[in-house]
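Descriptive structure summary
Read off the chains here:
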Amino acid sequence: MIEGKIVAITGASSGIGEVTALLLAERGAKVVLGARRTDLLEKLAARISEAGGEVAYAATDVRRPEDLENLVAVARDRFGKLDVLINNAGIAYVEPLDELQVEHWDEMIDVNFKGVLYGVAAALPVFRAQGDGQFVTVASTAAFKTVPGQTVYSGTKFAVRAFCEGLRQEAGPNLRVTVVSPGMTATNFGSGKPDPELKARVDAIAIAPEAMARAITFAIEQPADVDVSEVVVRPTAQA
Ligand SMILES: NC(=O)c1ccc[n+]([C@@H]2O[C@H](COP(=O)([O-])OP(=O)(O)OC[C@H]3O[C@@H](n4cnc5c(N)ncnc54)[C@H](OP(=O)(O)O)[C@@H]3O)[C@@H](O)[C@H]2O)c1
């Protein structure tokens, strides 16, 4: 059941995070939005409350452990507990390794991998104290298959999946651990210099981010003893 669940979402200012917040709020969840662009969070929060939803938001850079602690604290202060943390924030630079954009490599590791670890570090003690809780982490089909130009990005997402599998095993019988892996999704995701032909092919088949929001919602709405551990949602046309 979604109604009444308290759900914090990183990367809620756009794309998959934004539409997931909207769907969960529409279904009666109390949502706590985190991202760096607080102007966008403010607008989204206004949209949710105007529609009758309950919402809070906090400036959150997932590279800063204290920001994730604050996001969890905002959920607890405002709504009394935290039921679900959605680790969704992510970035990708699509570029060949030969460019040696080492700063971009660091950034992807910091946001995509370490950002998830910091989210877990902030919420795990709270979930343990409550005796329940769910982590939903947004990985990628790049967590299953590496393609040229996405080598480091893919490495971070493989790492996220490996970490979440270990988290699931260590979490025990009371906590749920879910990984949702999107394929090509129509958001403003990704920077760098993707091959224009490849970009056109991706744009032609990318599916709406609402498909990911529905998958995340499905995992959350299951009964407490049902852990949807892994979901892959890709365009039918994606190889
Ligand atoms: N779109 C795709 O084709 C696709 C495919 C597979 C997986 N994914 C995954 O889906 C997730 C969401 O991506 P999207 O497609 O929705 O792209 P998006 O529209 O670019 O959204 C990315 C979100 O991450 C946030 N973010 C980036 N750096 C951050 C940081 N340091 N701290 C906090 N938030 C940060 C952004 O917010 P701010 O900039 O406001 O901080 C934004 O809200 C990512 O994990 C991505 O890897 C996407």
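The preceding data block contains the structure.
Residues numbered from 1 in each chain as written. Predicted model: local features only at pLDDT ≥ 70, side-chain atom pairs only at ≥ 80, totals over all residues. Heavy atoms only, no water.

A word on the pattern of salt bridges. Going through the model one piece at a time under the given rule, you end up with 12 salt bridges. A salt bridge links Asp203 to Lys199; the shortest N-O distance between them is 2.8 Å. Note that Asp203 and Lys199 are positioned in helix H6 (residues 196–205) at a spacing of 4 residues, about one turn of the helix. Residue class for Asp203 comes out partly exposed when judged on its relative accessible area of 48%. Through salt bridges with shared partners, a single ionic network connects Arg64, Glu66 and Asp67. (Salt bridge = Lys/Arg side-chain N within 4 Å of Asp/Glu carboxyl O. Helix = DSSP H or I, 4+ residues; strand = E, 2+ residues; numbered from the N terminus. Buried < 20%, exposed > 50% of the residue type's maximum accessible area, 1.4 Å probe, protein only.)

Once that is clear, we can look at the pairing of strand S1 (residues 6–10). Burial runs high along S1: 5 of the 5 residues are buried. Neither face of S1 is exposed, since Ile6, Ala8 and Thr10 on one face and Val7 and Ile9 on the opposite face are all buried. As paired strands, S1 and strand S2 (residues 30–35) are joined by 5 bridges and run parallel to one another. Following the sheet pairing, Ile9 is matched in S2 by Leu33. For the handedness criterion, the β-α-β arrangement of S1, helix H1 (residues 15–26) and S2 is classed as right-handed. Here S1 runs beside strand S4 (residues 84–87); their pairing, made up of 3 bridges, is parallel. Bridge assignment links Val7 to a residue of S4, and that residue is Val84. (Pairing = 2+ DSSP bridges. Right-handed = clockwise from strand over helix to strand, strands pointing away.)

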